[in-house]
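The primary structure of each chain is shown beneath.
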Amino acid sequence: MSSPAETPRTLGLGALLTVAGLTALSLVMPSATGLHAELSKPINLLTQTINYSLAMENSRGGLAVIVDLRPTDDRNKNPVPDGAVIVPEQSDSPEWEQLTPLLESLEGTPVYIIFPASGEHPAYSKLRSLGLDLWSVEMPR
Amino acid sequence: MAESDAIWKWVLLALVITGAITWLVLQSASIKKLAAGDPRPRIFIDRDTHDFGTVMSGEKVTHRFKIHNVGDAPLILRKISASCSCTVPKVERTRLPPDAASTVEAELTVRTGRRSSRIYIDSNDPDQPRAIIQLASEGIKTVRMEPSGFDFGEMRLGQTASSTVRLTAGDGEPFRILTTKLPELKGIEVTIVARPLEPDADGRSARWDLALTATPRDHLQSEFSFTLDVSTDHPAIRKHKVEGYCTLRHPLQWIDEPRHFLGVARPGKNVQTELILASDNNATFKILETLPLHDDAFKIIKIEALDEGRRHRLTLRAEVPSGAPQGFRATRLRIRTDLPVANILEPSFSIHVLAR
């Protein structure tokens, strides 16, 4: 039996150990079980990346074309200075028909994509299917 | 505070002790029941494993297992289940008096490769509450194709190319190809020849070569994908499909792969580029018409015949109006020639208008 003087110390130690154990579990279990919520990250499967300033410079020089996939609010707050191609969100939108000659003409020209800060633009998979030379723009923080 | 902590400590201790006592009581009760020497059922399975050997993939095979009750109390088969959806067990009767027998029929849909699956029989046998039956099989593909389909790659008009696919029966049994059928392919002539390899006296063989010869005659589309339907007298290969693919090169080609995005232009300014168009088979041709289909800002302003008309230099100009807004402009340009086939080409061109 522990003496009365020792009890608070033992309890404190037990509480500390419990907190440490729970903290370790909270760190290990999500990745071990996959049962955890995660903030949506930008979907970017491109291996080619380009710095924002260089992308703007190449676009202004007529060497490349920028496609802006960000939501309208983000585009309005921080627009691409020299303009960018905006594509419809729905893959079956009639606007794609109007964009077809432009997208066809971009074969062989680097196409820089500005991705949404989070999530995926529904048109991205359609863009990928066109066989263009796609690059991801690294946006300044 | 210390007093309340001590109370909780005792409560926890009491819970642990109560749990331990309950477990001990339950254990001793079950030991007592088993040790009593009462009549009990006993399950016994005759040969509880079966190997179906080599079978065509997809084929359904069955085997019956005999289950006996060798105990002295009724045996009740409570649940029969399988480790995989490929196995379907069916039991004849679920209640077996002492010395009685029943059968479990196992139906297995064979999958490719060496596979095994299990049937679980849950019963009231206290010594063996779950008996296991093991099944094994080696599934082979009904037919092997080498390569996996016809591939002609890129073809030119008038060019004849062949592609051969070898069909081999998975079980090595000789067979005969009865029919081969292709859908109608517009603008392309196709012949099919099926040849048996080392045929027997009846013309049957376990290996057949399917040779497809194709000659594109018209450029109605740039890609062809088709399916050849084959029927045979092999019981496992009654019908078989072989996919095929080819791309057709346009008889008019741009020299040096020019960029069709013409770069940037300011309003009121022009951008100009030169493009050379050549016939793919060295034929002479004339350009009869050039027409922008979406945007009149793009115009062919000059056409110059080179190499006695086998090639043509076209000067394309994009004229940006002075009030043009910032953005992109693009068009398809119809170029009509006097070539007898594929006389129209519709490339796209674009420009980036910078207003600032």
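Residues numbered from 1 in each chain as written. Chains lettered and ligands numbered in written order. Predicted model: local features only at pLDDT ≥ 70, side-chain atom pairs only at ≥ 80, totals over all residues.

(A) Just the overall build of chain A, in detail. The helix and strand inventory of chain A stands at 5 helices and 4 strands. Expressed as a percentage of its 141 residues, the buried residues of chain A come to 20%. Considering only contacts in chain A between residues 6 or more positions apart, those separated by 24 or more positions represent 69%. (Helix = DSSP H or I, 4+ residues; strand = E, 2+ residues; numbered from the N terminus. Buried ≥ 20, exposed ≤ 12 C-beta atoms within 10 Å, placed from the backbone. Contact = placed C-beta atoms within 7 Å.)

(B) Local environment of the sheet that holds strand S15 (residues 207–216) of chain B. Residue and element names in this part refer to chain B. The strand order across the open sheet formed by 4 strands is S10-S12-S15-S14, and the pairing between neighbours is antiparallel. Of all the strands in the sheet, just strand S10 (143–146) and strand S14 (188–196) have a single pairing partner and so form its edges. The mean inter-strand angle of the sheet, taken between neighbouring strand axes irrespective of direction, is 20 degrees. Of the strand pairs in this sheet, S14 and S15 are connected by 9 bridges, and their pairing is antiparallel. Bridging across to S15, glutamate 189 finds its partner in threonine 215. (Pairing = 2+ DSSP bridges. Axes fitted to C-alpha atoms, helices over the stretch in contact; angles between N-to-C directions.)

(C) View of the interface of chain B and chain A. Contacts between the two partners involve 20 residues from chain B and, on the opposite side, 18 residues from chain A. Counting residues per element, the ones that place at least two in the side of chain B that touches chain A are helix H1 (2–34), strand S19 (261–265), strand S24 (327–337) and strand S26 (348–353) of chain B. Broken down by element, the residue count for the side of chain B that touches chain A peaks at 5 residues, all from S24(B). Split by residue class, the side of chain B that touches chain A holds 7 nonpolar, 9 polar and 4 charged. (Nonpolar A, V, L, I, M, F, W, Y, C, P; charged D, E, K, R; others polar.)

(D) Structural detail: helix H4 (residues 95–105) of chain A. Looking only at H4(A), the buried set comprises Pro101(A), Leu102(A), Leu103(A) and Ser105(A). Buried residues belonging to H4(A) abut S19, S24 and S26 of chain B.

(E) Region of interest: the pairing of strand S20 (residues 270–279) of chain B. Residue and element names in this part refer to chain B. Looking at chain direction, strand S18 (residues 252–254) and S20 are connected through 3 bridges and run antiparallel. Residue pairing across strands places leucine 252 opposite serine 279, the latter belonging to S20. One ladder, built from 9 bridges, connects S20 with strand S23 (residues 311–319); its direction is antiparallel. Bridging across to S23, isoleucine 276 finds its partner in arginine 313.

Structural measurements only, silent on function.
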